[in-house]
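Geometric and topological summary
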Amino acid sequence: MEEGKEEEHSMFESSYLLGALLASSPLLTQAWSQCMRANAGGSSFTLERYDETVYVAFSGVQTGVPVTHSLVPIGSGGHGLFSPLVGGEVGGSEPVLVQAAILHVFLALFRTNEFQMLATEIKNKAVIFTGHSIGGALASLAALHFLCSSSCSSYPSPSALFCITFGSPLLGNEALSRAVQRERWCGNFCHVVARHDVVPRLLLCPLNLLSPQLVIHLLQSWQLLLQCPQVARPTSALSDQEKAELHALISMHIDAAATEQEISAATQQRSPYWPFGNYALCSVEGVVCFDDPLVVVRMLHSTFMTGSSIEEEHLSYGDLFGKILENLLLKKRIATEEVPESNFGAGISLALEASGIGNQDMGALRARQCLKMSKRMGCSPGLISASLAIKLGKITPWRAQIEWYKASCDDDMGYYDSFKLRKFPKKDSKTNMNRHRLAKFWDDLIDMLQNSQLPHDFHERGKWVNAAQFYKLLVEPLDIAEYYRVQMHKKKGHYLTHGRERRYQVFDRWWRDRKKDSYEGENSKRSKFAGLTQDSCFWAKVEMAKEWLEDARTESDHVELAQTLEKLKGFESYAKQMVEGKEVSIDVLAPRSSYTLWVEEWKDLQLNLGLQIAP
């Protein structure tokens, strides 16, 4: 049997089963009935109990909330309602952003007496937040707020929390999606989306490409029907031509996001919005559930391409659930003439049928491939972590070879300067290759952590904190040497501000935030020099001090000279403290190392300027 076939026989496709379980439970129908009640009630939200569960439904009828692309930081204004989501990104590269209008409405609602009474009412209870359309986005923000507040004992929090949205617009950017994954909250959210509902897909398309009149007309008709469901629905809020144009435009942009392709310049930039949590994609044939954001976007595209009906399904979730239950009771078989080769293949076929994608539909092949890919990629964080531990053992020889290189360097010059000047071409070349290999391993690890493919406490585990710290102390001096060897500082600026790789900044934070109790004795006084200089950026600071020396020799302006001398004295004090504390490797003090030469030149400059030389 071929390797790919063996892999498929060993896997099981579960998206259809999860969808069937969800659809057969009373959860969706109960939540939807609460949404309809909230939409027609005239208040911002409603509260009702079912047995031991409290349902809080947010109205989809909200005045002055345009569906726009405007994004703002989730913590803007300093309200502190979403603290765990603010500034928690690995590497700190991208802020968590959410839709500005929805955040504005939520913050205004949060300040009301009704919301504060709600917080007290749901304390220590099982709660389901729900909402349709814009109400779904508000329900998501409310759920995020209470999840963020759960660690604060003084704030009333529910004992269990789940959020179900229907036809909700996307709420935030990819950083929000990663933050929710990082906090392990994806399981608290289920976003229900009908096959042709335009609203959950709308923000994947730049709205400046849509006719403002068309969007306003569409939204106004929906708001009226949400508030007065008993009003007879018009045949369509849009003409056939408008529906076709809107469908084509949204399809193009969802496809671009799903395939990670560039969009032509005429269509401007791609939307920054991205899904988070679990998605339940519905058709009259059933429900399928997904939790991978990229798979969600791809399936949003594949299901949308099965027709051109736009606005009707956004208002018809209740009717849709009734038809789904009928089909589940009928226990329909797989609508295919071919017998699947494995249980996994059968599961894929059932998932495609439940999502409303026929074998002959446009995008059916891509959807099938997407489902197969998502299963292969869906290894648990624990398994990926175990695999990385094995890889860490396999890269140990590369690290050992760099350690051997360091030990074998010329005692007259030392590790840093030998590599910078390439004194031993053959050894230098091999060391440089190992440097790049190790960098790729650690960069890939950080990407996996940022994409929540690793356990949430991975960066707190002593094994990895120690391994990352040792790598940084051993290899970053080589990165600095290469940076200055190729004169990159003259093109980009000094290493510390313009050349330091993100991985080292991440490892700095791991080491700073480590559990200090596990490192007893690390602050005790050293009796001999360290095996590795304890500041991995020591040589970058030496390079800056060398430039300051050159500046001081040629500076004619007394004010500028005084400032440069102060910087030199600051570095001298720092380096002296490092040497006296034996926090540096012995090669730092080699007779012809950059640091030793700097010390001599600094003394000469002080004599020439008539300055007092520090003892």
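Under the annotation held in an unreviewed UniProt entry, the protein carries the name Lipase-like PAD4 and is attributed to Elaeis guineensis var. tenera.

A tally of helices and strands in the protein yields 24 helices and eleven strands. Here the protein holds 615 residues, and 50% of them are scored as buried. The long-range fraction of contacts in the protein, counting pairs at least 24 apart against all pairs at least 6 apart in sequence, stands at 77%.

Taken as a whole and assessed by the stated rule, the structure comprises zero disulfides. The closest cysteine sulfur to the non-disulfide-bonded Cys35 is located on Cys163, 9.4 Å from its own sulfur. Judged by relative accessible area, which is 0%, Cys35 ranks as buried. Between Cys190, a free cysteine, and Cys289, which holds the nearest cysteine sulfur, the sulfur-to-sulfur gap is 5.8 Å. Residue Cys190 is classed as buried on the basis of its relative accessible area, which comes to 6%.

Moving on, we get to the pattern of salt bridges. Applying the stated criterion across every chain yields a total of 24 salt bridges. The partner of Glu550 in a salt bridge is Arg553, with the nearest N and O atoms 2.7 Å apart. On the criterion of helical spacing, the pair formed by Glu550 and Arg553 is a turn pair, its members being three residues apart in helix H22 (residues 538–554). Taking the relative accessible area as the measure of exposure, Glu550 reaches 44% and is therefore partly exposed. Between Arg553 and Glu601 there is a salt bridge, and its shortest N-O distance comes to 3.2 Å. A residue pair is termed long-range when its members are at least 10 positions apart, and Arg553 in helix H22 and Glu601 in helix H24 (residues 594–609) qualify at 48 residues.

What follows is about the sheet that holds strand S10 (residues 278–283). The seven strands are arranged S1-S2-S5-S6-S8-S10-S11 in an open sheet whose pairing can be described as mixed. Each edge of the sheet is formed by a strand with only one pairing partner; in this case those strands are strand S1 (45–50) and strand S11 (286–290). Here the average twist between neighbouring strands, direction ignored, is 20°. By the bridge criterion, five bridges tie strand S8 (residues 189–194) to S10 in an arrangement that is parallel. Directly across from Cys190, in S10, lies its bridge partner Asn278.

If you look at the biggest cluster of nonpolar residues, it comprises 60 residues, and the most contacted ones within it are Trp442, Leu445, Leu568 and Tyr595. Listing elements by their share of this core, those giving two or more residues are helix H15 (381–408), helix H16 (415–421), helix H17 (425–450), helix H18 (462–485), helix H21 (502–512), H22, helix H23 (558–580) and H24. Non-local contacts of Leu445, meaning those with residues more than four positions away in its chain, are made with Leu388, Leu454, Phe458, Trp464 and Trp510. Core analysis: the second largest hydrophobic core is formed by 46 residues, Leu85, Leu107, Ala143 and Leu176 among them.

What follows is about the side chain of Thr533. Residue placement: Thr533 occurs in the loop between H21 and H22. When its relative accessible area of 9% is taken as the criterion, Thr533 is described as buried. A distance of 3.1 Å separates the side chain of Thr533 from the backbone nitrogen of Ser585, its partner in a polar contact. Those residues in contact with Thr533, other than ones at most four positions away along the chain, are Leu473, Phe538, Met578, Glu583, Val584, Ser585 and Val588.

Packing of helix H4 (residues 100–110) against helix H6 (residues 134–149) leaves a shortest axis separation of 10 Å and a crossing angle of 60°. On the basis of the axis angle, H4 is oblique to H6. For the crossing formed where H4 meets H6, the hand is right-handed. Side by side, H4 and H6 meet where Ile102, Leu103, Val105, Phe106 and Phe110 of the first sit next to Ile134, Ala137, Leu138, Leu141, Ala142 and His145 of the second. Within the contact of H4 with H6, the residues separate by chemical class into ten nonpolar, one polar and no charged.

Mapping Gln469 onto the fold places it in helix H18. For Gln469, a relative accessible area of 7% translates into the label buried. Of the polar contacts made by the side chain of Gln469, one reaches the side chain of Lys472; its length is 3.1 Å.

Our next topic: the environment of Leu568. By secondary structure assignment, the location of Leu568 is in helix H23. Once the C-alpha coordinates of Leu568 and Trp602 are considered, the two residues, 34 residues apart in sequence, prove to be 8.3 Å apart. Dropping the residues within four chain positions of it, Leu568 is found in contact with Ala545, Trp548, Leu549, Ala552, Trp598, Trp602 and Leu605.

The next thing to look at is H15. Here H15 is 28 residues long and its end C-alpha atoms lie 40 Å apart, about the 40 Å a rise of 1.5 Å per residue gives. Of all the bends in H15, the greatest, near 35°, is centred on Ile395, and the proline Pro397 appears no more than four residues after it.

All chains considered together, the criterion is met by 37 aromatic pairs. On the basis of an interplanar angle of 25° and a centroid distance of 6.0 Å, the ring pair of Phe115 and Phe146 is categorised as stacked. Here Phe146 lies in helix H6 and Phe115 lies in helix H5 (residues 113–121), a separation of 31 residues in the sequence. Each member of the pair, Phe115 as well as Phe146, is classed as buried. Ring centres of Phe166 and Tyr317 lie 6.0 Å apart, and the angle between their planes is 65°; this geometry places the pair in the edge-to-face category. Of this pair, Phe166 sits in strand S6 (residues 160–166) while Tyr317 sits in helix H12 (residues 317–330), placing them 151 residues apart in sequence. A relative accessible area of 0% means that Phe166 is categorised as buried.

Basis of the calculations
Within every chain, residues take consecutive numbers counted from 1 along the sequence as written. Local features are withheld for residues below a pLDDT of 70 in this predicted model, meaning they are given only at 70 or higher, and side-chain atom pairs are given and counted only at 80 or more; totals for whole chains, interfaces and linings count all residues. To obtain the side-chain values, all non-hydrogen atoms of the structure were included, while hydrogens and water were left out. Numbered from the N terminus, helices here are DSSP runs of H or I no shorter than four residues, and strands are runs of E no shorter than two. Burial classes follow relative accessibility: with a 1.4 Å probe on protein chains only, a residue under 20% of its type's maximum area counts as buried, one over 50% as exposed, and anything between as partly exposed. Residue contacts follow a heavy-atom distance rule, with two residues in contact if any of their heavy atoms lie within 4.5 Å. Note on terminology: disulfide denotes any pair of cysteine sulfur atoms within 2.5 Å. One side-chain nitrogen of Lys or Arg within 4 Å of one carboxyl oxygen of Asp or Glu is enough to make a salt bridge. DSSP calls a pair of strands paired once it identifies at least 2 bridges connecting them. Whenever a helix is involved, its axis is fitted only over the stretch in contact; in every case the axis is a line through C-alpha atoms, and angles between N-to-C directions fall within 0 to 180 degrees. Residues belong to a common nonpolar core when they are buried Ala, Val, Leu, Ile, Met, Phe, Trp, Tyr or Cys residues joined through side-chain atoms within 4.5 Å. N or O atoms closer than or at 3.5 Å make up a polar contact, with two conditions inside protein: a donor-capable atom paired with an acceptor-capable one, and, for residues adjacent in sequence, both atoms drawn from side chains. To sort the angles, those under 35 degrees are grouped as roughly parallel, those over 145 as roughly antiparallel, those from 65 to 115 as roughly perpendicular, and the leftovers as oblique. We call a crossing left-handed when the near helix sits turned anticlockwise from the far one by less than a right angle, and right-handed when that turn is clockwise. Side-chain classes are defined by residue name, with Ala, Val, Leu, Ile, Met, Phe, Trp, Tyr, Cys and Pro counting as nonpolar, Asp, Glu, Lys and Arg as charged, and the others, Gly among them, as polar. Expected helix span is taken as 1.5 Å per residue step, with the number of steps being one fewer than the number of residues. At every residue, the bend is computed as the angle between two fitted axes, covering the seven residues ending there and the seven beginning there respectively. What counts as a ring pair is set by centres within 6.5 Å for rings of Phe, Tyr and Trp (its six-membered ring), and what kind of pair is set by the plane angle: stacked under 30 degrees, edge-to-face over 60, tilted for all other angles.

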